[in-house]
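Observations on the model geometry
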Amino acid sequence: MNDDKFAVTMSDFDEEETTQSIVLSSLFTKDVTATGSFDIRGEIRKSTFGKLIQAVPVPTLLIDKEFRVVVVNQAWAKVIENHEELQGKIFLEFFADPENAKRVRSILEEVFSTRQPCVVETAIDFSEKQIWGRITCRSIRIMEERCILILVEDLTTERRLLQQTRKYQQELEQRVQERTAELLAANAKLQEEVSERKRAEEAAKVNEQRFKELAELLPQFVYELDLDGTFTFVNQAGQEAIGFTAEDFRNGLHVRDLVPLEDKGRLAKDMAKILAGEKTGGYEFAFRRKDGQTLQLVAYHAPIWREMRIEGVRGVAVDITERKAVEEALATSEERYRTIIENIEDGYYEVDLGGNLQFVNDSFARILGCAKADLAGRKFKDFTDEAGASKVTEIFDRVLNSATPLKAYGFEFRTNDGVRRSVEASVSPVRGRNGESCGFRGIVRDVTERKAQEELLLQTERHKALGQMGSGVAHSFNNLLQIIMGKTRTAFEISQISLGNLREFQLLLRATTSSTARRRHPERNG
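Quick summary incoming for the structure in this document.

What counts, and where the lines are drawn
Residues numbered from 1 in each chain as written. Predicted model: local features only at pLDDT ≥ 70, side-chain atom pairs only at ≥ 80, totals over all residues. Heavy atoms only, no water. Helix = DSSP H or I, 4+ residues; strand = E, 2+ residues; numbered from the N terminus. 1 Å grid on protein atoms, 1.4 Å probe; cavity = no way out; pocket = protein on both sides within 12 Å on 5 of 7 lines; lining within 4 Å. Points joined across faces, edges and corners; volume = space filled by probe spheres on them. Nonpolar A, V, L, I, M, F, W, Y, C, P; charged D, E, K, R; others polar. Patch = residues over 30% accessible without salt bridge, like charges linked within 9 Å, V, L, I, M, F, W, Y side chains within 5 Å. Areas by Shrake-Rupley, 256 points an atom, 1.4 Å probe, with all protein chains shown as cover. Salt bridge = Lys/Arg side-chain N within 4 Å of Asp/Glu carboxyl O. Pairing = 2+ DSSP bridges. Axes fitted to C-alpha atoms, helices over the stretch in contact; angles between N-to-C directions. Contact = heavy atoms within 4.5 Å. Expected span 1.5 Å × (residues − 1). Buried < 20%, exposed > 50% of the residue type's maximum accessible area, 1.4 Å probe, protein only. Arc of directions from axis to C-beta.

1. What to know about unusual backbone geometry
Although it is not a glycine, phenylalanine 67 adopts a positive phi angle of roughly 65 degrees. Residue placement: phenylalanine 67 occurs in the loop between strand 3 (60-63) and strand 4 (69-72). Phi is positive for arginine 115, which is not a glycine, with a value near 60 degrees. Along the chain, arginine 115 falls in the loop between helix 3 (98-114) and strand 5 (118-125).

Put into structure tokens, the structure is as follows:
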């Protein structure tokens, strides 16, 4: 492209001037001197150079050495409305920040000094608004004066987009950093969890081995079941207890196959509770041995947790077959004992060490004349007088200290009606499981009627003895009277006695005869 063919078309900014073309080759031969400066006489804006500045589409300023704006082109109209007001102002006034103005001044002085172009991006402040511009400074000489041609590219929109882009980029980088940190933390946590899980698995294996070793040492039946109820582990004691071998369990033996039909439903309910995480106590059930015999077991179960979930049931069963047999025999004996106690005619009692009645039979209540239920908690000595209470206390203390039963002792009861009853009682110490005395028991027999009969018999015997003794005395006395009477008749016959004395002798004889008759037959006496 030849310079003489390149032309810039511009509009004359004065109304009286017309549009014209500027030939760049003629411009730089016409207005440029031999020394390289622009030869501009008169107003710059009227010169070809001035018109060229006006034709530049980029906001352009021309400033002198005092930094005063001498030329403002029309491109500034795109930036601010009153761009003509820029004419004649000091260029540094467009920078409100003192530090920024100081920096721009330094750049302009450097351009004046070195005549080297310089580009700077900074904020430019106008009365209307602030823009962000890229300022290109280039030194030029017009005649003998040095000026700076300043081209300002409005980068406000680009800067805003750039700032937003940077902001978004920073936010994105921040998010990336945060996410990276989260991922690193999650990865570290995952690694820690993996390590912890490995350690837990190793610990679980060790604990599992310890459990099995301990289970093999226990004499109880220890076992594990899966969620279906199939045995997965049975210790040696368990195998011996139910008669099945390890091979039988490896072939798949289910717990319901060893439980009688009547216990299957209860077993299923208990297993469901355990697998649901509920706590259950020991419960009894029957277990079928391989040889067909039935064992009575009491089992304690707990869920097996692995990796935060239940995978089965672990249990310990104790053989209570012999204990159940003893308990049944004891219950039978107890029932027989109670039946005997309730049917005997004598009263039976049990008291604690404080003398409080713990148990009595119907006969004991009948002796006291009250209902059996009314005797609960009452003291033994409540049914006797003060002397009887002291005697009861003394007897209980003697039995407690000597640990020897007392076969029989007598005292009196006082019934609710105030009637006194003669009783004979026995006392034996009651011992607890540790062998220490914890109370007394004994038999009480009502001997009131027997006492009355014995008293009547004693009185009868006493009367009989008196009768026999009186009969002997009467016989001896009768012999004496016979002698007296014989002698009296003889004396009466021999001597002559007056009639009055005769009557006195007759009365004496009659009284003697009557007394003799009474002594011979005492039972006839009124």
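Once the structure has been displayed, the description carries forward.
2. Things to note about empty space enclosed by the protein
Per the stated rule, a full pass over the model turns up two cavities of 30 Å³ or more. If you trace the second largest cavity, you find it lined by Tyr223, Leu225, Phe231, Val255, Leu267, Tyr283, Phe285, Phe287 and His301. Broken down by element, the residue count for the lining of the second largest cavity peaks at three residues, all from strand 10 (residues 283-288). Partitioned by chemical class, the residues of the lining of the second largest cavity number eight nonpolar, one polar and no charged.

3. Re a nonpolar patch on the surface
The grouping of Leu214, Leu217 and Leu218 at the surface amounts to a nonpolar patch, some 300 Å² of accessible area in total. Inspection of the secondary structure puts leucine 214 in helix 4 (residues 156-217).

4. Side note on the sheet that holds strand 13 (residues 347-352)
A sheet is described by the order of its strands in space; here five strands give the open sequence 14-13-17-16-15, paired in antiparallel fashion. Strands with a single pairing partner mark the edges of an open sheet, and in this sheet they are strand 14 (357-360) and strand 15 (406-414). Neighbouring strand axes in the sheet, compared pairwise and without regard to direction, differ in orientation by 30 degrees on average. Where helix 8 (residues 321-343) meets the sheet, it contacts strand 13, strand 14 and strand 17 (437-446), and its direction lies at approximately 80 degrees from that of strand 14. Those strands touched by helix 10 (residues 386-402) are strand 13, strand 15, strand 16 (420-431) and strand 17, and its axis lies near 160 degrees from that of strand 15.

5. Brief notes about the sheet that holds strand 9 (residues 231-234)
Hydrogen bonds along the backbone pair up the strands of a sheet, which may run parallel or antiparallel. Ordered by their spatial adjacency, five strands build an open sheet running 9-8-12-11-10, and the pairing between neighbours is antiparallel. Strands with a single pairing partner mark the edges of an open sheet, and in this sheet they are strand 9 and strand 10. Pairs of neighbouring strands in the sheet enclose a mean axial angle of 35 degrees, with direction left out of account. With six bridges joining them, strand 10 and strand 11 (residues 294-306) adopt antiparallel strand pairing. Looking at the pairing, tyrosine 283 lines up with alanine 299 of strand 11. Relative to strand 9, helix 4 is tilted by about 60 degrees, and along the sheet it contacts strand 8 (221-226), strand 9, strand 11 and strand 12 (309-319). Relative to strand 11, helix 8 is tilted by about 130 degrees, and along the sheet it contacts strand 10, strand 11 and strand 12.

6. Brief notes about helix 10
Look at helix 10: 24 Å from first C-alpha to last across 17 residues, which is about the 24 Å you get at 1.5 Å a residue. Three or more residues of helix 10 are buried, namely Gly388, Ala389, Val392, Ile395, Phe396 and Val399. In a view along the axis of helix 10, the buried residues occupy a sector of 130 degrees, so they form one face of it. Facing away from the buried side of helix 10, by more than 90 degrees, are the exposed residues Glu386, Ala387 and Asn401.

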